[in-house]
Each structure stands twice: as structure tokens, then as C-alpha cells.
Amino acid sequence: MALRTVCTTALRTGTDLGVNNVRTFVTTVALCRRTPPLGPMPNDQINIKSLESLEKYRSYTRYLRRAEEAKKQPVWWKTYRGYVEQADPDHGAEHVDIGLPYYRARRTTEVRERRQAMRDNKKNTELERTTRLRTYKIDLDRVQETWEESCAPFHIKRLAEHYGVFRDLFPMAYFLPQVFLHIRYGQNSSGQVHYGNRLTPAQAVSAPQISFDAEEGSLWTLLLTCPDEHLQDSEAEYVHWLVGNIPGGAVQAGDELCHYLPPFPARGTGFHRYIYVLFKQQGPIGFQEDVRPSPCLSLEDRTFKTTEFYRKYQDHLTPAGLAFFQSQWDESVTDTFHNTLNMREPVFEFIRPPVYHPPQVKYPHRQPLRYLDRYRDGKEHTYGIY
Amino acid sequence: MALSGLNRCVRRLLGQIQRCRPIVATNQTARCLSQAASQPEPSADENEAVNPTFVNRNPRNLEQMALAVKDRGWKTTWPHREFYHRLVFSRTQHHVTAQVFSSSSPVPVLTCSTTEWAMKKELASTRCVAACQAVGEVLAHRCQQAGITRMVYRSIPWEYRSDAVQAFRKGMKDGGITLSEPRRKYVGT
């Protein structure tokens, strides 16, 4: 009380003087409890008495790099990332590699050839002139070809982790997709399936043309699945296409265990992932249990779990190739629901998850009266009614 | 994400639907490419069983619909963290690197660097302005293939005006990438 009167008198003197920007001295520092920190504070080690002897950064990029590294260090105070990782049940668990072993031969000749190629590039006058005049246009197709041979498996694996493909299809496991899948819907390049690009269901209405590098006499299995589409169980997938015992690179010559069904992402549900997985077989496999009747239009028959399928045949199959695309609703999906699946079309809308409130406490300290309304479970608010 | 079913299409009273015809599951042989269907079609009622709550597990779905939460705050520091994907462009003494990060992890989602053999093969010099433009074009191509077409690029202010950064931005924009993100939609709050 005495403090408050001091403050108000100070204010009065400020306005009496005709000055508006006089601020009072806030004395709340003495009112709150001060406790020592629970661990070492950052920049403790810096000796503030002798700042001249400290090593300076002298450049912004050097500071930025150190700051990025410092962000990744573990700290003793609570962070948002810490909370998120705690909530995630399988954070930090060991993931198993279920793919083909990645083998690289001795690279001495390759390195020598590459160095020679780089030296030739430097001597190439045409290339040097276009580089100097900044008119050089890089050939994207050639870069794509070289990339497919060299770093594509790692990049596709990173993207697949970002899209949650391994988390949903093969929990606690991953694989390096060493066989590159060329999948194309239609004739032009806009219908190609890469690793996450957007296609419309109208483009994907019929089975695509597939090609991949395969030696003679090898057998493969191709699976097209969608983990997001299931209308009843959110943990299950729908299998759209399953072809087994594919000889060489010809998908037409394989046994079609489940015929091709075009994608049907329901309206209002957003983007669904459609994932092509190519498995390498050790020998011919009899897929008697997984054969579906020829036009399999029953969604219950198409309910699928890649984990169980893989577990059944894991001694004979190894995942070797991966490609996926995203698709959202358009008018052709209505036709698929009405004509092909012979059912009415479901339509959904987005519901935001409820706001988080901490567990209710019997004596809430410094909370307003509407604290009780937060735990009233959707009944009418009782404040603000006059 | 949780969704609710609208009543237009999925209203059904429990226990009052009669099955029309039972399904006979015939076990056909493996090779069934051209054989016509011989058993009756599944009755519409079995397919119409739909859960009123739909969960889409695609982690990129909400951000593509601009409904996902962005990390707000951080307005008093630089750079801010209010994005779904961000672009980082760095030049070292010998190489040029561009990386795309998502807001959730410190591991980059996409990278394009002149250290890769695919780029070194095509370029005379891996540190010049033409190399920066090439890196921009190739990264834009990869982003289009990966379905990430919108991202935030906050460059260091005094480096923004340099020819290299401008060439890189030009390469990205010519490849069809938009260097801004859609504003978040606030639905239902």
C-alpha cells in the first residue's frame, strides 16, 4: 500500500511538470521470490573483467555456424523439443535396416576418372565463357541421371522419413531404396511419380507404365498401398495393386494378385500418400493366401497391413525400391465411389483438436473465474453475462 | 487429424440394415489377368461402413492445407521460426550448398550441393555465380519432384543484394518454387 502511494505521487509530479514520458520506478523486484538457477547459465565462462582478451568472431557466418551448433546441444532447462520428444513413444529407438546391403566397390579408379573430368571441365573454353558471362544453363536431365546412379537412395530415404512412410508401413524399420523406380501415368512427363509429387486421381485412373533396372531371371513384387485412406481403421491401409513374381523388368508378365484400383481420397480429408514398394524375391513364391478375387471391389478385402504381409514373407522378400505420390479429391473420385465401389461417397470436414488445459487443481493460484469454465466440458460459459 | 462425418451421406440407423446377398469368396488361381468376374459384386452396405471420425496420418497433409500450427513468437530474435519449410543457402570457399529444412527436425529434407558428383560433373567452377544459379535450378527441380513448392527464405540482409544470392533466387523461382508460405487458416476457434 505504501509503495502504491509512492508510485501514484511520482506520476502526479510527472504530469505536473508537463512531461508525459516520466516512468515510475517499479519495485516489484523485491516482491517476487528469487531462487538460484538449477544449472550453469550460458556464457558463465566468459571473463567480463577482460573483454579485450576474448576471441572475437570477426564475421557473421562464423557466429551463425556456432549458433546453429549450440542450438543442437542438450540443455538442462525444459525446451519445446524436449516435450515433443518425450511425448513421442518411439523416440531414440534403434531402427532396423531391412533392405538390400549397400555395397560400394573400391573407388580409386572412379576418383581418378572424376578428377580428370573436373580438370577437363576447367580447361573447356566454351564452358568457362558461359560461366564467366553467367549465361550457363545446367542440363537438368543429365544431372537427374547422374543423381539416380549416385545419391538418389539416400535422398529418397530422407524424404520417406519426412513423409512418415517408414513409420506407417514398416514400424521401427527402414530400408535404402537402391533400385530406382520409373513410374509414369499417361504419356507426358507431368504424370510421373517421384517421391511426394502431387497427382490428381483423374491422372491415376488406369495402371501406370513401370520400368526399373533388373537383371535377367530375377523376380520382383510390386505393391501400391495407401496408409491414409482407410475409412474405418486409421492404422490399416488399402492395397490398390499387388503384382507378384515379376520376371525381369516386365510388370505385365507378373501374377496380378490384386488388380489395379484407382485412388479414392475422400473429400475434405486433404492429401493422401500412395506408396509404391518394390520387393526383390529370392525365388518364385506361391502367394495363395494373398490372392484376391479378380475385380476385388470389397474394401474389407482390400484392407491391408504391409507389416503383416512383410512378416509373412520376410525370408523371401527384401524391399528394394520406393516411390510415392500425393493425391487429393477431385470429381473422378465421385465416379470411383459410385460406379466402381458401388457405395455412397463420404464427405468430411476438419475439426480442430480441443485446446490443451493442464489438469484441474483444487486451489488455482492467480487464475480468473473462467478457470472453472475450462473444465465444464463444452457447456455454456457463465462469465460475461449481464 | 480428426474429422467428423457429415450426415449427408453416412446416416445409418444401427441394426436395421438387412444384408442383400452374402458374399461367396472364391479362391481363384494366381494368374487372373483377363478372367472376368464370376462371383456377385459385394453388397453396397459392406462398403458403406464408414467411421464418423477419419484420421489422416500423412504428416504433410495439414501443412499443405495451411491448417498446421506454425511456431509463433520469436519476433524479437532473428530469424523467426514461423514456417513449415525453410531454405538455407550457404557459400564456402570451394562449394555452394542449398538445403531445405522442415520446422520439426534439424536434418535437412532436401539438399543440393556442388559437392555432389552430379553437379561437379556439369560445372566448371563450383563457387561462382553460375554455380549458385545451377544449384538453385537443380534444387527447384528436386523440390517439385518432392512436392514441396512453398518455403520461406530468410537470407542475411547484407548478402541478399549480392549477385550470387540473386542468381540463386532466380534459379529457384524459374524452377517454379514460391519463396513465401501461405498464411495459416484458423478454423473453428
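Just so we're clear, the structure is a prediction, and the values are computed from it rather than from any experiment. (Residues numbered from 1 in each chain as written. Chains lettered and ligands numbered in written order. Predicted model: local features only at pLDDT ≥ 70, side-chain atom pairs only at ≥ 80, totals over all residues. Heavy atoms only, no water.)

Draft legend 1. Spatial organisation of the pattern of salt bridges. Inspection of every chain in the model, using the stated rule, returns 21 salt bridges over all chains. For the salt bridge of A:Glu68 with A:Lys71, the shortest nitrogen-to-oxygen distance reads 3.7 Å. With a gap of three residues between them, A:Glu68 and A:Lys71 both fall in helix 2 (residues 60-72), about one helical turn apart. Judged by its relative accessible area of 29%, A:Glu68 is partly exposed. For A:Lys71, a relative accessible area of 46% translates into the label partly exposed. Among the ionic pairs, A:Asp168 bridges to B:Arg57, the shortest N-O distance being 3.5 Å. (Salt bridge = Lys/Arg side-chain N within 4 Å of Asp/Glu carboxyl O. Helix = DSSP H or I, 4+ residues; strand = E, 2+ residues; numbered from the N terminus. Buried < 20%, exposed > 50% of the residue type's maximum accessible area, 1.4 Å probe, protein only.)

Draft legend 2. Here's a closer look at the side chain of A:Ser332. Mapped onto the secondary structure, A:Ser332 falls in helix 11 (residues 331-340). Ignoring anything within four residues of it in the chain, the contact list for A:Ser332 reads A:Pro201 and A:Ala202. (Contact = heavy atoms within 4.5 Å.)

Draft legend 3. Local environment of the sheet that holds strand 3 (residues 85-91) of chain B. A sheet is described by the order of its strands in space; here three strands give the open sequence 3-4-5 (chain B), paired in antiparallel fashion. The open sheet terminates on both sides in strands that have one partner only, identified here as strand 3 and strand 5 (110-113) of chain B. Taken pair by pair, the neighbouring strands of this sheet meet at an average axis angle of 10°, ignoring direction. Two strands pair when backbone bridges link them, and strand 4 (residues 96-102) of chain B and strand 5 of chain B are joined in this way by four bridges, in the antiparallel orientation. Directly across from B:Gln99, in strand 5 of chain B, lies its bridge partner B:Thr111. Relative to strand 5 of chain B, helix 7 (residues 152-162) of chain A is tilted by about 150°, and along the sheet it contacts strand 3, strand 4 and strand 5 of chain B. Contacting strand 3 and strand 4 of chain B, helix 7 (residues 163-174) of chain B runs over the sheet at an angle of about 140° to strand 3 of chain B. (Pairing = 2+ DSSP bridges. Axes fitted to C-alpha atoms, helices over the stretch in contact; angles between N-to-C directions.)

Draft legend 4. Quick peek at the sheet that holds strand 6 (residues 209-211) of chain A. All names here are of chain A. As summarised here, the arrangement of the three strands in space is 4-3-6, forming an open sheet in which the pairing is antiparallel. A strand with exactly one partner marks an edge of an open sheet, and here the two such strands are strand 4 (192-193) and strand 6. As judged from the three bridges shared by strand 3 (residues 182-184) and strand 6, these two strands associate in the antiparallel manner. Looking at the pairing, Arg184 lines up with Gln209 of strand 6.

Draft legend 5. Layout of the interface of chain B and chain A. The partner chain A presents 82 residues to the 90 residues of chain B that form the contact. At the boundary of chain B with chain A, total buried surface from both sides reaches about 7800 Å², with 54% on carbon and sulfur atoms. For the interface between chain B and chain A, the tally reads five salt bridges. Counting across the chain B and chain A interface gives 29 residue pairs in polar contact (both at pLDDT 80 or more). Top element by residues in the side of chain B that touches chain A is helix 5 (residues 129-146) of chain B. It accounts for 11 residues. Here the side of chain B that touches chain A is built from residues that sort into 42 nonpolar, 28 polar and 20 charged. (Buried area = accessible area lost by both parts, 1.4 Å probe. Polar contact = N/O pair within 3.5 Å; in protein donor to acceptor, adjacent residues only side chain to side chain. Nonpolar A, V, L, I, M, F, W, Y, C, P; charged D, E, K, R; others polar.)

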